[in-house]
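Structural description and commentary
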Amino acid sequence: MTARPENTHQGRLLRLLRDNGSNSRAQLGDLVDLSRSKLAVEVDRLLETGLVFADGLAPSRGGRRSHNIRLAPMLRFLGVDIGATSIDVAVTNAELEVLGRLNQPMDVREGPVAVFEQVLAMAAKLRLSGLAEGFDGAGIGVPGPVRFPEGVPVAPPIMPGWDGFPVREALSQELGCPVMVDNDVNLMAMGEMHAGVARSVGDFLCVKIGTGIGCGIVAGGEVHRGVTGSAGDIGHIQVDPDGRACVCGNRGCLEAHFSGAALAGDAEQAAREGRSAQLAARLETAGRLTAEDVSAAAAAGDPVALELIREGGKRLGQVIAGLVSFFNPGLVVIGGGVTGLGHTLLASVRTQVYRQSLPLATGNLPIVLGELGPAAGAIGAARLISDHVFSPA
């Protein structure tokens, strides 16, 4: 098992090297509140653990030249993003650069045993390709509420058979390394914060629209999970008191009216009713429709597809407007599988948010699509486990 830092100073140094790359001792001294002698002691102790190593001489700043310090090149983290219909697995180095990544379709409703057999097979394939001798830690994202300290899903609406399953414990035994588990949208937020559009933002919302809808809340550079880990479950905010039945047992939830599954259902209904020739043709060819079909039809100018996206964006914008008024973020990021709907969706959301929220909250508020696409969750998972490994035991 990988060594852990002895104290918070060492943990801070490791995270700085992760986020900024190789740094000289002098540069590290500029970034941390440590005396020169104390910094030297902590760096030397980290060198002894093997977590960092000396990487040549740094450019002179006058006087004796300092050595560059960087994270150990053989450190490897595994990032796993389990979605409702697919699994994304990535191997990263200590700086969280993706060295290899695999994606496979998988229905999360098949249960944790089947899903984790697939995850382990994908991890083994990446390891045997020469990318890693083993893993120093693994981060796992699942599409449902997670009791974070224990790494256990709790009554996830779209994950039958997962309630109470010991994900963290089971995978830690199989992989032989520390494991951390979180909700998939929290990890998407962490990915965008580390390497995406939210790199320089400390307070933002990251909304994921896939089979369901969730929101990662980042405050002061840290994910806010709430007391029990269910913060950000915006898919079950009611948007219509007399609306559709939702999988959670309530009616009129945002997720029931606008998510990947809801959009596909509305598109199929429009196709069968003869309201859209393009959607009808796609339905006849494939036997079912997806959000990607709606996106393609909208791109071709289909008015029904465009209206479905605009109406869904309006409902989503209604909820985001409330969040913006409450939280006052510096950025709203929209990601997930439905982002193929692109700027039609974005324009509808922006219109609703800017119309409903106070000017003080929206005057300088960017609402943008995520930069990392489907890799965001796996990168965020690697960030999660690296935070753990680079913290004192």
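That block above? That's the structure.
Residues numbered from 1 in each chain as written. Predicted model: local features only at pLDDT ≥ 70, side-chain atom pairs only at ≥ 80, totals over all residues. Heavy atoms only, no water.

Remarks on the pattern of salt bridges
- This structure, assessed with the given rule, holds 17 salt bridges.
- Put simply, Glu-6 and Arg-45 hold a salt bridge, and the shortest N to O gap is 3.9 Å. With Glu-6 in the segment before helix H1 (8–20) and Arg-45 in helix H3 (residues 36–49), this residue pair connects regions lying 39 residues apart in the sequence.
- Taken together, the salt bridges that share partners define one network made up of Arg-18, Asp-19, Arg-383 and Asp-387. (Salt bridge = Lys/Arg side-chain N within 4 Å of Asp/Glu carboxyl O. Helix = DSSP H or I, 4+ residues; strand = E, 2+ residues; numbered from the N terminus.)

Quick notes on the packing of aromatic side chains
- Scanning the entire structure with this criterion turns up 4 aromatic pairs.
- Here the aromatic rings of Phe-77 and Phe-390 are separated by 5.8 Å at their centres, their planes lie at 75°, and the arrangement is edge-to-face. Of this pair, Phe-77 sits in strand E4 (residues 77–82) while Phe-390 is found in the segment after helix H14 (376–389), placing the two residues 313 residues apart along the sequence.
- We classify Phe-77 as buried; its relative accessible area is 0%.
- Ring pairs connect the aromatic residues Phe-116, Trp-162 and Phe-165, which therefore count as one cluster.
- Lying over the aromatic face of Phe-148, Arg-225 brings its terminal NZ or CZ to 3.8 Å of the ring centre. (Phe/Tyr/Trp six-rings, centres within 6.5 Å; stacked < 30°, edge-to-face > 60°. Buried < 20%, exposed > 50% of the residue type's maximum accessible area, 1.4 Å probe, protein only. Lys NZ or Arg CZ within 6 Å of the ring centre and 35° of its normal.)

Here we look at the pairing of strand E5 (residues 86–92)
- E5 sits mainly inside the fold: 6 of its 7 residues count as buried.
- Adjacent in sequence and paired antiparallel, E4 and E5 are bridged by 3 residues. (Pairing = 2+ DSSP bridges.)

Some thoughts on the sheet that holds strand E14 (residues 332–335)
- Read across the open sheet, the 5 strands follow the order E13-E12-E11-E14-E15; overall the sheet is mixed. Only two strands of the sheet have a single neighbouring strand rather than two, namely strand E13 (222–223) and strand E15 (367–369).
- Across 4 bridges, the pairing between strand E11 (residues 204–209) and E14 is parallel. Residue pairing for E14: Lys-208 is matched across the bridge by Gly-335.

Brief notes about the side chain of Glu-95
- The residue Glu-95 is located in the loop between E5 and strand E6 (98–105) in this model.
- Ignoring sequence-local partners within four residues, the contact set of Glu-95 consists of Leu-17, Arg-18, Gly-21, Arg-70, Leu-71 and His-194. (Contact = heavy atoms within 4.5 Å.)

Observations regarding helix H5 (residues 167–175)
- The complete set of buried residues in H5 reads Val-167, Leu-171 and Leu-175. Take H5 and look down its axis: the buried residues cluster within an arc of 40°, on one side only. When the buried face of H5 is taken as reference, the exposed residues oriented beyond 90 degrees from it are Glu-169 and Gln-173.
- In this fold, the buried residues of H5 make contact with E4, helix H4 (112–131), strand E7 (137–142), strand E9 (152–153) and strand E10 (179–183).
- Where H5 ends, the next residue or the one after it, Gly-176, has phi of about 70°, a positive value. (Arc of directions from axis to C-beta.)

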